[in-house]
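Coordinate inspection notes
Below are the chains, spelled out letter by letter.
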Amino acid sequence: MSILEILKNNALVLAPMAGITDFPFRVICKELGAGLVFSEMVSVEALIRDHKRTCGMLHTDPAERPVVFQVFGSKPASMAEAAHIVSQGEVDFIDINMGCPVPKILKSGAGSALLRNIGLAKDIMSAVVGASKVPVTVKIRLGWDAKNFVAVDLAQAAESVGITAVTVHGRTKAQGFSGHADWSMIKQVKNSVRIPVIGNGDVCTARDAKRMMDETGCDGVMIGRAIRGNPWIFREARQYLQTGVVPSPPSLEERQAIMLRHLNDLVKLLGENIGVREMRKHLCWYTKGLHGGAEFRERINHLDNAADVKREIADYFMSVTGSTMASQQV
Ligand SMILES: Cc1cc2nc3c(=O)[nH]c(=O)nc-3n(C[C@H](O)[C@H](O)[C@H](O)COP(=O)(O)O)c2cc1C
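Notes on the structure in this doc start here. (Residues numbered from 1 in each chain as written. Predicted model: local features only at pLDDT ≥ 70, side-chain atom pairs only at ≥ 80, totals over all residues. Heavy atoms only, no water.)

**Considerations on the overall build of the chain**
- For the chain, the count of helices and strands is 15 helices and 8 strands.
- What you see for the chain is a C-alpha radius of gyration of 20 Å, in line with the 20 Å of a compact globule of 330 residues.
- Based on the C-alpha atoms only, the size of the chain along its principal axes is roughly 65 × 45 × 35 Å.
- Of all 330 residues assigned to the chain, the portion counted as buried reaches 54%.
- The long-range fraction of contacts in the chain, counting pairs at least 24 apart against all pairs at least 6 apart in sequence, stands at 67%.
- Separation of charge centres in the chain, based on 39 positive and 34 negative side chains, amounts to 4 Å. (Helix = DSSP H or I, 4+ residues; strand = E, 2+ residues; numbered from the N terminus. Rg over C-alpha atoms; globule rule 2.2 N^0.38 Å. Buried < 20%, exposed > 50% of the residue type's maximum accessible area, 1.4 Å probe, protein only. Contact = heavy atoms within 4.5 Å. Lys, Arg positive; Asp, Glu negative; His and termini not counted. Charge placed at Lys NZ, Arg CZ, Asp CG, Glu CD.)

**A closer look at the site of the ligand**
- Neighbouring the ligand are 16 residues; Ala18, Gln70, Asn200, Asp202 and Arg225 lie closest to it.
- Between the ligand and the protein, one listed contact pairs an oxygen atom with a backbone N or O atom of Pro16 at 2.8 Å.
- Between Lys139 and the ligand, the recorded distance is 2.8 Å, taken from a side-chain N or O atom to an oxygen atom.
- Here the ligand, which alone exposes 610 Å², has 88% of that area covered by the protein.
- Classifying every residue of the shell around the ligand by side-chain character gives 7 nonpolar, 6 polar and 3 charged. (Near = heavy atom within 4 Å. Polar contact = N/O pair within 3.5 Å; in protein donor to acceptor, adjacent residues only side chain to side chain. Areas by Shrake-Rupley, 256 points an atom, 1.4 Å probe, with all protein chains shown as cover. Nonpolar A, V, L, I, M, F, W, Y, C, P; charged D, E, K, R; others polar.)

**Observations concerning the pattern of salt bridges**
- Evaluation of the coordinates by the stated rule reveals 17 salt bridges.
- One salt bridge in this structure joins Asp214 and Lys210, with 2.8 Å as the shortest N-O distance. Separated by 4 residues within a single helix, Asp214 and Lys210 lie in helix H10 (residues 206-216), roughly one turn from each other.
- Residue class for Lys210 comes out partly exposed when judged on its relative accessible area of 29%.
- Of the charged contacts in the structure, one is a salt bridge between Arg280 and Asp304, with a shortest N-O distance of 3.0 Å. Of the two residues, Arg280 sits in helix H13 (residues 272-286) while Asp304 sits in the loop between helix H14 (293-300) and helix H15 (306-329), which places them 24 residues apart along the sequence.
- Look at Arg280 and you get buried, because its relative accessible area is 18%.
- In the salt-bridge network here, residues are joined through shared partners; they are Glu31, Arg261 and Asp265. (Salt bridge = Lys/Arg side-chain N within 4 Å of Asp/Glu carboxyl O.)

**Points about the packing of aromatic side chains**
- Applying the stated criterion to the full structure yields 3 aromatic pairs.
- For the ring pair Phe296 and Tyr316, a centre distance of 4.8 Å and an interplane angle of 35° mean the geometry is tilted. Residue Phe296 is located in helix H14, and its partner Tyr316 is located in helix H15; the two are separated by 20 residues in the primary sequence.
- The interplanar angle of 75° and the centroid separation of 5.1 Å between the aromatic rings of Tyr316 and Phe317 together place this pair among those described as edge-to-face.
- Classification of Tyr316 as buried rests on a relative accessible area of 2%.
- You can call Phe317 buried: its relative accessible area is 1%.
- Taken together through their ring pairs, the aromatic side chains of Phe296, Tyr316 and Phe317 make up a single cluster.
- Cation over ring: Arg141 sits above Phe177, and NZ or CZ is 5.2 Å from the ring centre. (Phe/Tyr/Trp six-rings, centres within 6.5 Å; stacked < 30°, edge-to-face > 60°. Lys NZ or Arg CZ within 6 Å of the ring centre and 35° of its normal.)

**Thoughts on the packing of H10 against helix H11 (residues 233-243)**
- Where H10 contacts H11, the two axes come as close as 8 Å, and the packing angle between them is 50°. Here H11 runs oblique to H10, going by the angle between their axes. Considering only the axes of H10 and H11, their crossing is right-handed. Residue-level contacts link Ala206, Arg207, Ala209, Lys210 and Met213 of H10 to Glu236, Ala237, Tyr240 and Leu241 of H11.
- The residue makeup of the contact of H10 with H11, split by class, is 6 nonpolar, no polar and 3 charged. (Axes fitted to C-alpha atoms, helices over the stretch in contact; angles between N-to-C directions. Parallel < 35°, antiparallel > 145°, perpendicular 65-115°, else oblique. Left-handed = near helix turned anticlockwise from the far one by under 90°.)

In structure tokens:
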């Protein structure tokens, strides 16, 4: 299926997020309504060296497809070699990261650094398209800073070398994650290329997703930070796009069930030690704003053992449900 068909069927896209959009979380988002899911960014240099943990990041399963695996790097030859390796797996698309503003990545010439060198960016895209067995997408920012917007030029360069879709995060590298995403620039990119454009930046609710589509004409809406502790945003946005009605938020029972399932899946994939540690931040996000959440977070952040964490989750929800029922009786 082409990326346009995928997005026409369901325009909601899970953003690539290092340390968050691993396999278990992608499957959860998919089941709750995401149409297309992106992996965390994967280092091509580590991949080529056959780094064990990096190769583990390529784990996938039919349950999450269609899936996009994102790679980052700065050398066309290495990028091509990695694209060849990745595209031999069960993946639907390879994405090139041209937006990461993290200093370590920039120093290596990858991520947002490529926004300052369109010639190299084009060579990389061309090399990856040539070496990949699956279609290739690219994720960009507006430019290095407000004086250097390159999104339109870069998207056109992408189209000219055979890139199949472009995601535009409506911020510059200089903005990092601060300020507001400029959706008018996403619209400009959409109007300047024929390939599908996925808009990204500051979509926090179901209504934002629809507003971004209406305001920019983009083909897909990518959601990043708002998914932390809230994979239900996909269900809400999907239903809102289809019916104009936002469904109720998840019940406490459903929240508890997803937290337990997420923990179990992470432990299964990464082993108990790493799985439990990786799960801590998710548990904090899942309980943000909930009654008694601060005490729960304090307790689970000291636990290393999955059985103890499960017990804390059960006790916590028992107490919240109890207090909810108690407050209803008052
Ligand atoms: C913790 C974190 C990790 C991220 N990791 C990646 C990544 O691996 N690759 C990427 O292209 N963008 C990454 N991003 C950027 C997001 O994909 C997205 O572009 C950005 O958060 C803006 O969208 P939002 O406003 O919906 O959050 C990351 C962002 C955050 C906050």
